[in-house]
Amino acid sequence: MSFFSTQSSLSSKDIVHFVSQNIHLKKCVRTLYKENYTLVEVMVLKMYGTKLDAEDVFRYALSKVIWLIQEGKIDDEIELRTYIYTLSRKLWVNTLKKKNNYTYYTSDSYHENFNAQLLEDIPFKEDDLYLHKEFSETYKNCKPLEKRMLINKLFQYWKTKTSSSLPKMSV
Amino acid sequence: MDINEVKDRVNIEQNREVIDTVQQQLLREKLFKVTISITIKTIAIFLLLIFFYLANTLQVDQFILDGVNKAYIDLEGNDKSRLITFSLEGVASDLKEGNYSSARKILKELPSSHHKDWFVLLTHLGLNDFDTSEEYLTKIYDQTDHVYHNELDYEFCLKYRVIHVKSFYDEEAKTYLGKIGYE
């Protein structure tokens, strides 16, 4: 496992190992970003998205894949590229469906990095990207708080949000 | 959304923060690479323009004449041998007139000296014998205490290289047979 030699020598297996141990996280993210962003960007641009959409989709997919590794829900048997691509595609297709703007791309669903079966084992909601954007905004507003307090604050916020109709967050 | 999902989403957000940092870092690196690339290209174009300018304006005879004018021959101050000094003056005179073959003949008879090295360099440059002139150029450059060591500055070396490259071009031009078609 030669970590310090070159970027490309960091394999999917190495990344799973390091991220699950919570070491060299930035280095792993850097490798994953460099090796997978273009793939996701091309997919989103092909499916009526913009570069900004591609960035949103990719960042969320990547942060979720890292979280899945941290939680031990991903092992090193399947390439991380497959996870990132599959999750990104699903997120983007769901977003298009929500906008009633989804044109089915048969060719894309047979993409070498797409594996629909993976999604069955991943905790995933139909409007995950939308939820993420909402949550992210709230998280940013609450950010200076200590983690435990932050979680409580966010929980209270989401509880009120689901019971009423989208109240404005005030920290 | 239950408390566990909030916890999970907070962890995902923390990962996203790391991704944002890396993204910014990659963007900075990309900008740096672009800047470096533009700078290198600009310098390359600038050097190329200088080269073309020198290739068009630089005259070998004038360059050698300037070189001769840098020679420090002092008839009064040189107490080694008046004959040698007079011979060197003769070489200088030949070089100024462009009689490089004659200068070479005189130089062959002279004993080794810093002045001789300098004149041999200039003479063989005039004769398009770059092997010999290069040899003396290296000799003068390597000897830091050589009287003419400081004359080999960037300007001299650049002009020397331009003349060298130009000599290839001149040779090619001589063998160009395009004019035969008009005769």
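Residues numbered from 1 in each chain as written. Chains lettered and ligands numbered in written order. Predicted model: local features only at pLDDT ≥ 70, side-chain atom pairs only at ≥ 80, totals over all residues. Heavy atoms only, no water.

**Q** What am I meant to see in the confidence of the model for chain A here?
**A** Residues shown with low pLDDT carry predicted positions that ought not to be read at fine detail. With 82% of its residues at a pLDDT of 70 or more, chain A has an overall mean of 79. This model gives residues 1–7 of chain A a pLDDT under 50, and the stretch forms twelve contacts once residues within four places in sequence are excluded. (pLDDT = per-residue confidence, 0-100. Contact = heavy atoms within 4.5 Å.)

**Q** Looking at this structure, how should I read the interface of chain A and chain B?
**A** Interface extent is often summarised as the accessible area lost during association of the parts. Taken residue by residue, the interface counts 32 residues in chain A and 25 residues in chain B. Applying the counting rule to chain A against chain B returns two salt bridges. Between E29(B) and R30(A) there is a salt bridge, with the nearest N and O atoms lying 2.6 Å from each other. For the pair chain A and chain B, the interface holds nine residue pairs in polar contact (both at pLDDT 80 or more). By residue number, the principal contributor to the side of chain A that touches chain B is helix α3 (residues 51–70) of chain A, which donates nine residues. Class assignment for the residues of the side of chain A that touches chain B results in 15 nonpolar, five polar and twelve charged. (Salt bridge = Lys/Arg side-chain N within 4 Å of Asp/Glu carboxyl O. Polar contact = N/O pair within 3.5 Å; in protein donor to acceptor, adjacent residues only side chain to side chain. Helix = DSSP H or I, 4+ residues; strand = E, 2+ residues; numbered from the N terminus. Nonpolar A, V, L, I, M, F, W, Y, C, P; charged D, E, K, R; others polar.)

**Q** Looking at this structure, how should I read the packing of helix α2 (residues 60–69) of chain B against helix α5 (residues 114–126) of chain B?
**A** The relative placement of two packed helices is expressed as an angle between their axes plus a distance between the axes. All names here are of chain B. At a closest axis distance of 10 Å, the pairing of α2 and α5 adopts a crossing angle of 170 degrees. Comparing the axis directions of α2 and α5 gives the class roughly antiparallel. Counting all contacts with α2, which are made through V60, F63, I64, G67 and V68, the residues of α5 involved are W118, F119, L122, L125 and G126. Of the residues contributing to the contact of α2 with α5, the split by class is eight nonpolar, two polar and no charged. (Axes fitted to C-alpha atoms, helices over the stretch in contact; angles between N-to-C directions. Parallel < 35°, antiparallel > 145°, perpendicular 65-115°, else oblique.)

**Q** Could you clarify how one ought to interpret the pattern of salt bridges in this entry?
**A** Pairing between side chains of opposite charge can happen when their charged atoms approach one another. Applying the stated criterion across every chain, the model contains ten salt bridges over all chains. Residue D117(B) is joined to K139(B) by a salt bridge in which the shortest nitrogen-to-oxygen separation is 3.1 Å. Residue D117(B) is found in helix α5, and its partner K139(B) is found in helix α6 (residues 130–142); the two are separated by 22 residues along the sequence. What makes D117(B) buried here is its relative accessible area of 4%. It is possible to trace a salt-bridge network through shared partners that takes in D56(A), R59(A), E13(B), R16(B) and D20(B). (Buried < 20%, exposed > 50% of the residue type's maximum accessible area, 1.4 Å probe, protein only.)

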